[in-house]
There are 2 protein chains.
Amino acid sequence: MASNPTSEVDVLIIGAGPAGLMMALWMSRLGIKTRIVDKRTDKVFSGQADGFQSRTLEILDSFGIGERVWKESNHLIEVSFWNPDSDGTIKRHRRAPDNISGMSRFTEAVLHQGRMEAFFLDAIAASYPHPADPSGTPLKVERMVLPTSLEVDEAAAEDDDAHPITVTLRHLTEEEATPTQKLSNLSDGLFRSNLAGDDVGKMLAQSKGRADVREEVVKAKYVVGCDGAHSWTRKALGPKYEMKGEMTDFVWGVMDIVPITDFPDVRTRCMIHSASNGSLMIIPRENKLVRLYIQLTEVSTGGRVDRSTITHEMIFKAAQKIIAPYKLEYHYCDWWTAYQIGQRVGQHFTKCDRVFLAGDAVHTHSPKAGQGMNVSMSDAYNLGWKIGLVTKKIMPRKILSTYELERKQIANELIEFDHKFSRLFSGRPQKDILDETGVSMDEFSKAFNMSHMFTSGLGVNYSPSALVSKPSEKALLLESDKEVQHEGSPVAKSKLSAAAHCKPGMRFPSYQVVEQCDARPWTLHHKMPSDGRFRLWVFGGDISQPAARERMGPAATPFAGTARFRLDRPPSVVDVLLVHRAPRGEVELLRDLHDVYHPFDAKLGWDYDKVFADGESYHEGHGRAYEGYGVDPDKGAVVVVRPDGYVGLVTELGEENWGRLRSGSRGS
Amino acid sequence: MASNPTSEVDVLIIGAGPAGLMMALWMSRLGIKTRIVDKRTDKVFSGQADGFQSRTLEILDSFGIGERVWKESNHLIEVSFWNPDSDGTIKRHRRAPDNISGMSRFTEAVLHQGRMEAFFLDAIAASYPHPADPSGTPLKVERMVLPTSLEVDEAAAEDDDAHPITVTLRHLTEEEATPTQKLSNLSDGLFRSNLAGDDVGKMLAQSKGRADVREEVVKAKYVVGCDGAHSWTRKALGPKYEMKGEMTDFVWGVMDIVPITDFPDVRTRCMIHSASNGSLMIIPRENKLVRLYIQLTEVSTGGRVDRSTITHEMIFKAAQKIIAPYKLEYHYCDWWTAYQIGQRVGQHFTKCDRVFLAGDAVHTHSPKAGQGMNVSMSDAYNLGWKIGLVTKKIMPRKILSTYELERKQIANELIEFDHKFSRLFSGRPQKDILDETGVSMDEFSKAFNMSHMFTSGLGVNYSPSALVSKPSEKALLLESDKEVQHEGSPVAKSKLSAAAHCKPGMRFPSYQVVEQCDARPWTLHHKMPSDGRFRLWVFGGDISQPAARERMGPAATPFAGTARFRLDRPPSVVDVLLVHRAPRGEVELLRDLHDVYHPFDAKLGWDYDKVFADGESYHEGHGRAYEGYGVDPDKGAVVVVRPDGYVGLVTELGEENWGRLRSGSRGS
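Residues numbered from 1 in each chain as written. Chains lettered and ligands numbered in written order. Predicted model: local features only at pLDDT ≥ 70, side-chain atom pairs only at ≥ 80, totals over all residues. Heavy atoms only, no water.

1. A look at the overall build of chain A
Under the convention used in this document: The helix count covers DSSP runs of H or I at least four residues long, the strand count covers runs of E at least two residues long, and both are numbered beginning at the N terminus. In this scheme, a residue with accessible area under 20% of its type's maximum is buried, one over 50% is exposed, and one in between is partly exposed, where area comes from a 1.4 Å probe on protein chains only. Contact criterion: two residues are considered in contact whenever any of their non-hydrogen atoms come within 4.5 Å of each other. Using a 1.4 Å probe, accessible areas were evaluated by the Shrake-Rupley method; residue-level cover was limited to the displayed protein chains.
For chain A, the helix and strand inventory stands at 16 helices and 28 strands. Taking all 668 residues of chain A together, the buried fraction comes to 61%. Sequence separation of 24 or more characterises 74% of the internal contacts of chain A that already satisfy a separation of 6 or more. Working note: accessible area of chain A is about 25,300 Å², and carbon and sulfur atoms make up 51% of it.

So, in structure tokens, the structure goes:
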């Protein structure tokens, strides 16, 4: 093995599911030297995860692929609750919206994972040639590649230039990489279920003793394990990385079918509690497909389930019983599986901030809330730009510790939510108010509605850190030049009242504004593509008044011309943007505004794309952005948004808040 | 030459520009055996046409590619008028919206023709495998192919099964197909300009006497000449197909540059009239590009212009003079050309309704109004489905005569508009009210605003015909079965008051409704993809009331189960859809409505996608569709929409209007 070829890479991603592909997409956009390997021969073609939450669609949209999902997917707008009537027959109890209105341009949508993976691959390919490295090799998924060893040189972990991780990769043959229980003719829907065991051991056993085993050694700065619930990466990190949690007695089947039924709400998301046959969730999907989550009360015995007892016939019969007296048949089944509900989460998400775990590799739960793929992608979305900016030496390594801080919090919230929701949904409906072991249908329906802020992903609220300045906390936000860096020095504190609806730690909301130079209406998220840049949104008020212009000028100038924020060398790490409240016709972009709001380039002329008015558009109404963001036009505000769209800092217009930064930058 | 290989095809398209590709897209969607040939080696990469009007975007959207154009293009929202001040300096006179509000989901947009051609090719490829012919060969553009002869067997013209057109095609070598004046290093921007001659003669001359000339003979049912202003097809049809019209003295240059300028409105569409240096139109485009249309007053002499005098330096100097005192420079020029304004239109658009001319092949005019590509595509959009449905024997051949009727009318309107607009824009601004040879700037600006209905394409209003039933006219709409066909028999007359804002001959507008089965809001255009089907929109009123349900049932039943409209064999030629006005929660789709509104399929179950409520959506407001379409909820209405989205018939709910159709269909 001494002769294995050895190479270096900045980032090695293990696993090409939703988390791995999201990580790869970030790396491709930031131009980071990266490899992504996957043990399987191919991507997912049907079944698996299918729910896209609002926040996930916003994230995908920031990479330019949200619209593809939005167009092909089925949108879930309404939910029906069906409960047993006094005679035990299911009846529609009530209808409710499936989303909170006005929070996002997107609502919950469903489309199978395979389509989304294809969109990711297209988007990664479209990142090349990369402007920063036109001759760089395009990132492609290397399939049929399995890691066999991983070592971290902890002594070198804090060295910016080191490649402290050594991974051995084995290149599998087609035969080795094909799961023995490969999905074919619906004979076994369970091969990727949590009822199935891990097949890596089997894969490795097959090549044991073969003379032509092909291996290589990769030295990496960072490794990200996105390799699912059976994560090889997690196991390689040792026993203290094991996930902790519990398995319930609840066993559920899943079927994707084109239903033939007289049940009236089959194209609506439905929560059906039958009197005594268990519960059923209906998720209408694209192309006439409907996903059914079917409680299997008969196999719900204590302990681990014997998977040999579970067949698709048995699952479908359970569905028919729950939905009776309505008839349910099907001619076409696209996919099926079964799983036992459990909630587990890892205690550690990283080793030395060099090896990271993301997605199912570090938290698992039941799929019914449509969270799995979303939380997995969000893990990688949180981590990707941090690794990218650290690798490029734009940000210091210490920001990497925010990954575990932020995402472990979300994983724990997810587990807690899933724990509560699973029990309410899998429980037997209460017969009457004296039935103490039954679940109150009112309580269930209330819990479901309360959960929208969480399940939509819009409620995420990260804790204070170097990247999130809350009023009571210090923040090192945006401070990266070594000469001005002092551990723990309070660079800036958020003053929440300046933009009352921009909460540090939460995602920056999106409202419509009108572009100064051409009157085009934009929702602000469209001006924040995921390109690794911080955004400094200046709310300047009525800048047709000289006093307001005076006040606004200095807000951004600390950033102008300093090496730290590289405004002088595009693409800058900080994008300075202005939303004013003056009548648009009374502002002349070049005449009235500081250069920072229309940077000049000798070949491309002025940049006209930084200034917007909060006003009436010709055809799309008034976005009322100042109201939406909670900014008083008479006072203005400055909001710093991280590259992942989360608010880092909210403060007032005026120099005093930027004192530290200014003196730092002026001194340089 | 006797040994030339011979083959048959239903449709042969000559020319793969916007009109040819639109035709090819229709044919691919309808599964018609088609070939498309083009003499050039490649598609357009820069310059050329770039304006997309609202109606064109709606049409592209009906094929699923409107959003791609919409996303990549620059949107023109506002227009600025710059006129000479009293001292002769240009000043911004006023700003105005560039579109009419509320007419369309789209506004004017610009993107270069090459991108759009790429979207067409993707959309054509995505039509395969075609459901009606899964093993059919995908339609691909055959480049470097030039027709050399065309004959029509007029005696066989009315035979449905004949291939009466014989075309010889020559396959060119790479060298022959490459224009000698190929655009390179901007050395000659004029090679596709109307100042340049035709190069086909040169192409053919090159292969003269060569022994290895490769030709083939194609027998076609239909030939569509989409081969531009120098149309070979038009010339092959003989002298009576020559275009008639006039050439003006006005010569204009065009440049696509990234401008470096202190002119404040360079990202706005601008109409600049200088005092004595001519006029300039600014069209801001994608990727920081700006298109300048620059009047060349110095070369504006009588007669044909000497093209050797026109260079990009000379054009740019003219622009600098017009825009002074503002400075204008550029580092990057993407494309340039020049043209002499003229308006010409063919007297005949077809030979025997077998050979058709579309686009620039049959009408030319100045490009500044952004009409050329739009009217060309609309020609082909009007023709494609007609040829398709006739080829499939769904509709009788006589509907083909509506092509010339409808599109010649539009071409004449276009010429008239262009004539007027060109003179107003190229004319010298009036110095004062006594200056009789000058153009009044108020008149110009008024004419511009009045033109939106025309230039947007939304004002198109086709004349009465077999496909458009106006109140005073007979219509044979939808009557195709031979046994019930009587020339000129009045099948149905429109009763306009039933849906006051649906005008027969005009495009069916689009309003938001809420889908009955799942509460999803849709704009009705999204339920009308270009798939060759007629749509029968039934406005049923408040169908929670039994009386309204009674009244609505028969409206569609004449179509149900008859061979003529093939509702029994999907995909039907008539898509029956219902917009009701009842509270959505009070309607149960399967329980309350006739089968025609939820057709059943043994394998796919019921179709839930035909019924919509005009009501409040959860997140997107109320579309007020009944108001928009002008339907009285107490009376209801039926609107028949052609496969190209134009209203064919407006009538009342109730049997009497369908009398002829019903007796016909019941008799079959």
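2. Considerations on the interface of chain B and chain A
How we decide: Here the buried area means the combined drop in accessible surface, using a 1.4 Å probe, for two parts upon being joined, counting both sides. Within this document, salt bridges are pairs made up of a side-chain nitrogen of Lys or Arg and a carboxyl oxygen of Asp or Glu, the two lying within 4 Å of each other. Here a polar contact means two N or O atoms within 3.5 Å. Within protein one must be a hydrogen donor candidate and the other an acceptor candidate, and residues neighboring in sequence count only if both atoms are side-chain atoms. Asp, Glu, Lys and Arg are counted as charged, while Ala, Val, Leu, Ile, Met, Phe, Trp, Tyr, Cys and Pro are counted as nonpolar; the rest, among them Gly, fall into the polar class.
Every contact between the two is made by 47 residues of chain B and, on the other side, 47 residues of chain A. Buried surface at the junction of chain B and chain A, both sides included, amounts to about 4,100 Å², of which 51% is carbon and sulfur. For the interface between chain B and chain A, the tally reads 4 salt bridges. With its nearest N and O atoms 2.6 Å apart, the salt bridge here joins Glu78(A) to Arg584(B). Linking chain B with chain A are 14 residue pairs in polar contact (both at pLDDT 80 or more). Only helix H3 (66–72), strand E4 (74–75), strand E6 (90–97), strand E12 (243–261) and strand E25 (605–606) of chain B provide two or more residues apiece to the side of chain B that touches chain A. Here the side of chain B that touches chain A is built from residues that sort into 20 nonpolar, 13 polar and 14 charged.

3. Details of the sheet that holds E4(B)
All names here are of chain B. Convention followed: Pairing between strands requires that DSSP locate at least two bridges from one strand to the other.
Ordered by their spatial adjacency, 3 strands build an open sheet running E3-E7-E4, and the pairing between neighbours is antiparallel. At either end of the open sheet lies a strand with only one pairing partner, and these are strand E3 (51–52) and E4. Bridge analysis of E4 against strand E7 (residues 109–110) gives 2 bridges, and the strand direction is antiparallel. If you follow His75 over to E7, its bridge partner there is Ala109.

4. Re the sheet that holds strand E26 (residues 611–613) of chain B
Residue and element names in this part refer to chain B. Stated formally: Between N-to-C directions, angles cover 0 to 180 degrees, with each direction set by a line fitted to C-alpha atoms, over the stretch in contact for helices.
Ordered in space as E21-E20-E26-E23-E22-E27-E28, the 7 strands form an open sheet in which the pairing is mixed. Here the strands that pair on one side only, and so sit at the sheet edges, are strand E21 (521–523) and strand E28 (647–651). Averaged over all pairs of adjacent strands, the angle between strand axes in this sheet comes to 30°, irrespective of strand direction. Pairing of strand E23 (residues 574–580) with E26 involves 3 bridges; the strand directions are parallel. Bridged to Val579 within E26 is Phe612.

5. Regarding the relation of the copies chain B and chain A
The second copy of the chain is related to the first by a rotation about an axis and a shift along the axis. For the record, the criterion: Least squares is the method for superposing the copies, and the C-alpha atoms it fits come from residues with pLDDT of at least 70 in both.
With an axial shift of 0.0 Å and an RMSD of 0.0 Å, the rotation relating chain B to chain A amounts to 180°. Taken together, the rotation angle and the small translation identify this as a two-fold axis. Proximity to the rotation axis, assessed at the C-alpha, singles out Glu67(B) in chain B; its C-alpha lies 4.5 Å from the axis.

6. Structural notes on the pattern of salt bridges
Residues and elements named next belong to chain B. For the structure on display, the rule yields 78 salt bridges over all chains. Here Glu72 makes a salt bridge to Arg115, at a shortest N to O gap of 2.7 Å. Of the two residues, Glu72 sits in helix H3 while Arg115 sits in helix H4 (residues 113–125), which places them 43 residues apart along the sequence. Residue Arg115 is classed as partly exposed on the basis of its relative accessible area of 31%.

7. Brief notes about the pairing of strand E28 (residues 647–651) of chain A
It is a general feature of regular strands that their side chains alternate between the two faces of the sheet. Residues and elements named next belong to chain A. A large share of E28 lies buried, amounting to 5 of its 5 residues. Examined bridge by bridge, strand E27 (residues 637–641) and E28 share 4 bridges and lie antiparallel to one another. If you follow Val639 over to E28, its bridge partner there is Val650. Here E27 hands over to E28 after 5 residues, with Gly645 in that stretch at a positive phi of 90°.

8. Section: the pairing of strand E6 (residues 90–97) of chain A
Residues and elements named next belong to chain A. By the bridge criterion, 7 bridges tie strand E5 (residues 78–84) to E6 in an arrangement that is antiparallel. Each residue of the ladder has a partner; that of Trp82, found in E6, is Arg92. Two successive antiparallel strands, E5 and E6, enclose a turn made up of 5 residues, where Gly88 displays a positive phi of approximately 90°.

9. Quick notes on the packing of helix H9 (residues 372–391) of chain B against helix H10 (residues 401–426) of chain B
Residue and element names in this part refer to chain B. We count it as follows: Orientation is classified from the angle alone, with under 35 degrees giving roughly parallel, over 145 giving roughly antiparallel, 65 to 115 giving roughly perpendicular, and any other angle giving oblique.
Between H9 and H10, the least distance of the axes is 10 Å, while the angle of their chain directions is 170°. Here H10 runs roughly antiparallel to H9, going by the angle between their axes. Facing Val375, Ser378, Asp379, Asn382, Leu383 and Lys386 of H9, the residues of H10 in contact are Thr402, Tyr403, Glu406, Arg407, Ile410 and Leu414. Of the residues assigned to the contact of H9 with H10, the class counts are 5 nonpolar, 3 polar and 4 charged.

Keep in mind these numbers describe shape, not what the thing actually does.
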